[in-house]
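Observations on chain architecture
Spelled out from the first residue to the last, the chains are:
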Amino acid sequence: RGGGACSSEWDCSLGGACSAGRCACDHWTTGPQCNLLNLQHLKRDVSSYGLQMPGYHSWGGHAVADANGTWNGFFSFMCDHKTLSAWTTASSIVRATASSIDGPYTVEQMAVQPWAHNAFLAQDPPSKEHLLFHIGTAVAPEAGWSPCVIPNASAHEPQPAPPAPKCNVSRTGNLAIRSASSLLGPWTPLSSDPCSVN
């Protein structure tokens, strides 16, 4: 790990020190310029990890275990087989469950309708409320993404999305925070204005 030429830590991707003109990587990085994560090798077939639905695009994922030990992961999910190029109209956040943290995950519900993605889950210690941080207004017109075609675990039919809040503001870059007393939702915006930057 390391060994690439450098004149400062910037040349080592801020993932290591520049010592005597050569990068010396921190424990979490690798590569000549310390620009790669030093990850462990997979112990099983990658098809059993995370959320994978053939024909659909998803990414990210932040999971926590509920009181029963079931892992609830919140993933960015592109509706209607669309690609990332449609992120401002078709990206949603789904809740999926698994028996172990690495999966495989099964979609249970749409937590936040388009457009929304890059979910991060936290919990407010005093109130025990779950907080869901994400990018997006969650008010994209339904015509651009519905039906999302998220399968219902029992019927394998499209599951309806939550109703869209109404607003007249169009934004392409904001951070929203939603709260819920349960990981199952519903996820309520912390602001009464669904179009505001929270």
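Residues numbered from 1 in each chain as written. Predicted model: local features only at pLDDT ≥ 70, side-chain atom pairs only at ≥ 80, totals over all residues. Heavy atoms only, no water.

Describing the packing of aromatic side chains
Applying the stated criterion across every chain, the model contains 4 aromatic pairs. Aromatic side chains Phe-74 and Trp-187 sit 5.6 Å apart centroid to centroid with 85° between the ring planes, which places their arrangement in the edge-to-face category. With Phe-74 in strand S6 (residues 71-78) and Trp-187 in the loop between strand S11 (175-180) and strand S12 (188-189), this residue pair connects regions lying 113 residues apart in the sequence. Judged on exposure class, the residue Phe-74 and its partner Trp-187 are both buried. Here Phe-75 and Tyr-105 contribute two aromatic rings whose centre-to-centre distance is 5.1 Å and whose plane-to-plane angle is 65°, an arrangement assigned as edge-to-face. (Phe/Tyr/Trp six-rings, centres within 6.5 Å; stacked < 30°, edge-to-face > 60°. Helix = DSSP H or I, 4+ residues; strand = E, 2+ residues; numbered from the N terminus. Buried < 20%, exposed > 50% of the residue type's maximum accessible area, 1.4 Å probe, protein only.)

Some details on the side chain of Asn-72
Relative to the helices and strands, Asn-72 is located in strand S6. A distance of 3.3 Å separates a polar atom in the side chain of Asn-72 from a polar atom in the side chain of Asp-66. Of the polar contacts made by the side chain of Asn-72, one reaches the side chain of Arg-95; its length is 2.7 Å. With sequence-adjacent residues up to four places away left out, Asn-72 is seen in contact with His-62, Ala-63, Val-64, Asp-66, Arg-95, Ala-96, Thr-97, Tyr-105 and Leu-183. (Polar contact = N/O pair within 3.5 Å; in protein donor to acceptor, adjacent residues only side chain to side chain. Contact = heavy atoms within 4.5 Å.)

Considering the state of the cysteines
Two cysteines joined by a covalent bond between their sulfur atoms form a disulfide. Applying the stated criterion across every chain, the model contains 4 disulfides. Shown here is the disulfide that connects Cys-12 with Cys-23, its sulfur atoms set 2.1 Å apart. Taking the torsion about the S-S bond as the criterion, the Cys-12 to Cys-23 disulfide, at about -95°, is left-handed. You can see Cys-12 sitting in the segment before strand S1 (16-19) and its partner Cys-23 sitting in strand S2 (residues 22-25), a full 11 residues away along the chain. Assigned by exposure class, Cys-12 and Cys-23 land together as buried. (Disulfide = S-S within 2.5 Å.)

Overview of the confidence of the model for the protein
For the protein, per-residue confidence averages 84 on the pLDDT scale, and 81% of positions sit at 70 or higher. Low confidence marks residues 153-158, where pLDDT is under 50. Its contacts with residues over four positions away, or in another chain, come to 6 contacts. A low-confidence stretch, residues 168-172 (pLDDT under 50), is modelled with 9 contacts involving residues beyond four sequence positions or located in other chains. (pLDDT = per-residue confidence, 0-100.)

Comments concerning the sheet that holds strand S7 (residues 91-98)
With antiparallel pairing, the 4 strands of this open sheet are ordered in space as S5-S6-S7-S8. Both outer strands of the open sheet, strand S5 (58-65) and strand S8 (106-112), are each paired with one neighbouring strand and no more. Recorded for the sheet is a direction-independent mean angle of 30° between the axes of neighbouring strands. (Pairing = 2+ DSSP bridges. Axes fitted to C-alpha atoms, helices over the stretch in contact; angles between N-to-C directions.)

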